[in-house]
Amino acid sequence: MSTFAVDRKSDLGYLDVAANAHGQEKAELTRRALERLVNDRPHLVEIGPGGGAAVTALATALKDHDRNVDLTLVEVPDVISESLNRAVEGFATVGACSLVRGYAADLGHLLDRPADVVSASALLHEVYSYGGGYTGIHALMRTLPAVLSPGGFFAYRDVYAVGAPSLHERVTHAYDAPSWLQFLRMFVPRYLHEGTHPYHHAQDELVARQDSAIVPIEDLDRATCAVLRAPVGLLREIQRHYITFRDHAWRSGALGFIPVLEGHLAADWLDARTGHKRVHYTLTAADRLPRSQRAMLLAVSEPYADHYTVDGDIFDECTDIALTFFLAAAETGDAECARVWEAWAEREGRETYAYLTLDEFITAVAVHSVEAGQGTVLLPGCPEDISIRGRHYYNRYLAKRLPNPLVDAKQLVLFSHIDVTDSETLGRALSAIRGTCGKHSLARIYAALNPGGTP
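Student: Just to check I follow, could you spell out the packing of aromatic side chains for this structure?
Tutor: Each aromatic ring pair is specified by the distance between its two centres and by the angle formed by the two planes. What the rule picks out here adds up to 23 aromatic pairs. Between Phe 183 and Trp 344, the ring centres sit 6.0 Å apart and the planes meet at 55 degrees, which makes this aromatic pair tilted. Highlighted residues: Phe 183 in helix H9 (residues 178-194) and Trp 344 in helix H13 (residues 335-347), separated in sequence by 161 residues. Classification of Phe 183 as buried rests on a relative accessible area of 0%. An aromatic cluster is built from Tyr 175, Trp 180, Phe 183, Phe 187, Tyr 191, Tyr 242, Phe 245, Phe 326, Trp 341 and Trp 344, whose rings are joined through pairwise contacts. In this structure, Lys 277 packs its charged tip against the face of Trp 269, placed 5.6 Å from the ring centre. Cation over ring: Lys 277 sits above Tyr 393, and NZ or CZ is 4.3 Å from the ring centre.

Student: Any chance you could explain the nonpolar core here in plain terms?
Tutor: One recurring pattern in soluble globular proteins: nonpolar side chains tend to sit buried together. Formed by 61 residues in total, the largest nonpolar core has its most connected members in Leu 228 and Trp 341. Contributing elements (two or more residues each) for this core: strand S6 (170-175), H9, strand S9 (226-231), helix H10 (232-252), strand S12 (276-283), helix H12 (312-331), H13 and helix H15 (392-401). Setting aside chain neighbours within four positions, we find Leu 228 in contact with Val 171, Thr 172, His 173, Tyr 175, Leu 184, Leu 206, Val 207, Ala 208, Ile 217, Leu 235 and Ile 238. Counting residues in each nonpolar core, the second largest holds 45 residues, with Tyr 128, Leu 140, Leu 148 and Ile 433 among its members.

Student: Any chance you could explain the environment of Tyr 199 here in plain terms?
Tutor: Considering the arrangement of structural elements, one finds Tyr 199 in the loop between H9 and strand S7 (207-210). Residues Tyr 199 and Leu 167, spaced 32 residues apart in sequence, show a C-alpha to C-alpha distance of 9.3 Å. A polar atom in the side chain of Tyr 199 sits 3.4 Å from the backbone nitrogen of Leu 234.

Thresholds applied
Residues numbered from 1 in each chain as written. Predicted model: local features only at pLDDT ≥ 70, side-chain atom pairs only at ≥ 80, totals over all residues. Heavy atoms only, no water. Phe/Tyr/Trp six-rings, centres within 6.5 Å; stacked < 30°, edge-to-face > 60°. Helix = DSSP H or I, 4+ residues; strand = E, 2+ residues; numbered from the N terminus. Buried < 20%, exposed > 50% of the residue type's maximum accessible area, 1.4 Å probe, protein only. Lys NZ or Arg CZ within 6 Å of the ring centre and 35° of its normal. Core = buried A, V, L, I, M, F, W, Y, C linked by side-chain atoms within 4.5 Å. Contact = heavy atoms within 4.5 Å. Polar contact = N/O pair within 3.5 Å; in protein donor to acceptor, adjacent residues only side chain to side chain.

Limitation: the analysis is restricted to geometry and does not speak to function.
See below:
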């Protein structure tokens, strides 16, 4: 099992900045759950608060409400965030906030009273990667009914997996961008060898071809188009990790430029619907762009206060050129490039993001919550409790670089804690998931709810 990279996860450039965004989206489901609760002082629990973006957003949303709340934050031991400390202090205007140290799997032993809402964002891939794979995920799902009050909610947000029946479905994808081919060489062998992932069966084998010949993935020629045949989930992992590494390389300054990735300047849209935006960036002393490319970037940029702005498509093109040279240098032992690469690989390079499709996720939560033996089940209460939020900027970039891009998005699900004897509420919940879950999944949930075969 991979070791949780506490130092890397606590790094100020990561937890307080890179992983501390989308606060309103992270808190949205919790806010909606609160609107359905009737108790005067609800108890909220957030697992893995990170840099506190959701805590701050929730405090802002509650300022106009006439009831206080108690918020318990559960964070891994030794993971420290200064921005989270500030968020906890700011929450005092709307309620009480306390921080307890422990792991999600031990949630039942960490709370001193039931929770009305348990929320988490991007948690299960951490549990999967460091807490026992699917066994750890299923154990957490069985813990939730025991800690939730009757009529409570489980609010969850994470990376959208894929729109496929299974992550093991084999598909064929092509890669011809040099930066992506270089990334495949370096990332995939390491991920398959060191990461916690489900792609171990014979039918999960990744087969790479260049010029029709099978080639070891670590020997790919970055000047020749590669065709990969592999489980769609594995290809989803490759795509997701490339994006996260690109962000990491940007923030490091090692490419020669750093874009503004937070705040209002990060959302300077030319057309938000298509993901087309203007990028604001500063130059650094490092330079992985060829001189002609750097000159071109500056020629098409405009000064803006103390930095530059440029069309996002042009900036992405320059980024991939710089990444090609950067990754090749890291592979051949350049000290600075290798340091940046290893810092990312240690923190995120072994993690598995796409572990369940939306269908599989809802089904697993329902089935394992029933298995907890509380006489309850966790299911979305209405169709609006299931949503997918596309990442238009990333999707625009991926469509320009990959012949077979997979949708980049977030999936949000609000589960209601339902008494299985409440046939009316249960019926509405089962109707709500019919548009998301297939017939086989519905049959699994029905069988879990009716173990004796009785109607």
